[in-house]
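An overview of the molecular structure
One-letter residues, chain by chain:
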Amino acid sequence: MKKMFISAALLLGGLLSAAEQRPQTVDGLPSHEVVEYNLSVAPAASRPKNVILMIGDGMGSEQLWAAWLCNRGKLFIQTLPQAAFLRTPSANRTVTDSAAAGTAIACGQKTNNGMLGLLPDGTPLKSLSAVLRERGMRTGLVVTKAITDATPAAFYAHVASRRNTPAIAAALTTAGFDVVLGGGAAAFSEEQLQTMSAQGADVELFAPGDCPPASRRGDLLPRCTQRALERLANAENGFFLMIEGSRIDSSAHDNKLEELVREVLDFDQAVGVVLRWIQQHPDTLLIVTADHQTGGLIILDGSRDCGRVTGVFCSENHTGVAVPLYATGPGSGSFSGVMENTELYQKILVLLGFNI
Ligand SMILES: [Zn+2]
């Protein structure tokens, strides 16, 4: 009888261990100032010159509200005037992974979990960055994990498995991005890195693998965001820049609430850099969203006056909920209500005047 009880407990433990269910409190993190810019929702018909897409990997609403509490009731992301939800299921699962979700956002089509830039039957898809580059726009990627990781790779690779790092690295080498900043240097040969730089791109990979967590990364993401904007600012035909808060996902997988909040606050500061830049470049559409929610975070308590949150994770994996989307600038009015994650692709192309 006792043995049976232990087996049942072990079985349940595989889903949720006692440690994972224990609430965690984050208190007294340094908060950042949030400037309330005069941001507009422009009509759906107005045309942007530049598009900046910021993806918090694994950043569901709960992640945002946890960070909002810790930053004493303010976030740059929460100042964006337009909001919507994105449905996230992939072609074969209710709960997506970053490869299928990245492909949905980058290529406008649902695919199976694990696949990048391909339909489930293996048909290659053209990513937003590839289409826009062909039309004369400049393109960039800024991330905090390896640049070959699933989310950025969805913008240039066509592989059946997100684990096929050599093929992903080879695809980036010839893709033609103007800015490539992040981690993952070990996936590239010296020759590949030189090939990218020789094409005139601003390429710097700061770590052999993923960049360190926010607590040990300093202001790398906000700095790289500023650097990418300066590099792309003079693009005659505009630019498309994807910026990812990549490690929000990892910290939620690890069920580490403090690390998670630090990652969201870091991402929010990168959003702040973009909003400041937009004041001088109002012909820019900014979209801030996520690929899926990670960790099943629930907020139990907190205080925005004290900068404190108490929360509990109920999963070590992704979940199937819709994720928030925020937007500002020309065309931001066309992002509203509940949308499929695949709709971003077509909407962005139409707004830029490329009705394909
Ligand atoms: Zn994940």
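Up top is the structure.
Reading the values: the criteria
Residues numbered from 1 in each chain as written. Predicted model: local features only at pLDDT ≥ 70, side-chain atom pairs only at ≥ 80, totals over all residues. Heavy atoms only, no water. Helix = DSSP H or I, 4+ residues; strand = E, 2+ residues; numbered from the N terminus. Buried < 20%, exposed > 50% of the residue type's maximum accessible area, 1.4 Å probe, protein only. Contact = heavy atoms within 4.5 Å. Pairing = 2+ DSSP bridges. Axes fitted to C-alpha atoms, helices over the stretch in contact; angles between N-to-C directions. Phe/Tyr/Trp six-rings, centres within 6.5 Å; stacked < 30°, edge-to-face > 60°. Lys NZ or Arg CZ within 6 Å of the ring centre and 35° of its normal.

1. A few points about the environment of Ala157
Take Ala157: it is sitting in the loop between helix H6 (150–153) and helix H7 (165–173). On the accessibility criterion, Ala157 (1% relative accessible area) is buried. Each C-alpha atom, one on Ala157 and one on Leu118, is 8.7 Å from the other, the two residues being 39 residues apart in sequence. Sequence-distant contacts of Ala157, defined by excluding residues within four places in its chain, comprise Leu116, Gly117, Ile168 and Ala171.

2. Some thoughts on the sheet that holds strand E3 (residues 82–87)
Reading across the sheet, the nine strands line up as E6-E5-E4-E7-E2-E8-E13-E3-E14 and stay open at both edges, with mixed pairing between neighbours. Edge strands, defined here as strands with exactly one partner in the open sheet, are strand E6 (202–205) and strand E14 (337–340). Strand-to-strand twist of the sheet, defined as the mean angle between neighbouring strand axes without regard to direction, takes the value 15°. Where strand E4 (residues 138–146) and strand E7 (residues 239–245) come together, five bridges link them in parallel fashion. Across the sheet, residue Leu141 finds its bridge partner in E7, namely Met242.

3. Some thoughts on the packing of aromatic side chains
Taken as a whole and assessed by the stated rule, the structure comprises four aromatic pairs. Here Tyr156 and Phe177 contribute two aromatic rings whose centre-to-centre distance is 6.1 Å and whose plane-to-plane angle is 80°, an arrangement assigned as edge-to-face. Highlighted residues: Tyr156 in the loop between H6 and H7 and Phe177 in the loop between H7 and strand E5 (179–183), separated in sequence by 21 residues. Here Tyr156 and Phe177 have matching classes, each one buried. It is Arg133 that lies over the ring of Phe177; its NZ or CZ is 4.4 Å from the centre.

4. A few points about helix H3 (residues 61–70)
Counting along an α-helix, one turn takes 3.6 residues, and residues three or four places apart therefore face a common direction. In terms of burial, H3 is a largely internal element, eight of the 10 residues being buried. When we look at burial in H3, the residues that qualify are Ser61, Gln63, Leu64, Ala66, Ala67, Trp68, Leu69 and Cys70. The first or second residue beyond H3 is Arg72, which carries a positive phi of 60°.

5. With respect to unusual backbone geometry
Its identity as a non-glycine residue notwithstanding, Arg72 has a phi of 60°, on the positive side. Summarising the element assignment, Arg72 is placed in the loop between H3 and E3. Residues other than glycine seldom take positive phi values, yet Asn255 does so here, at roughly 55°. Structurally, Asn255 is set in the loop between helix H11 (247–253) and helix H12 (257–278). We classify Asn255 as buried; its relative accessible area is 8%.

This is a description of form; function is not addressed.
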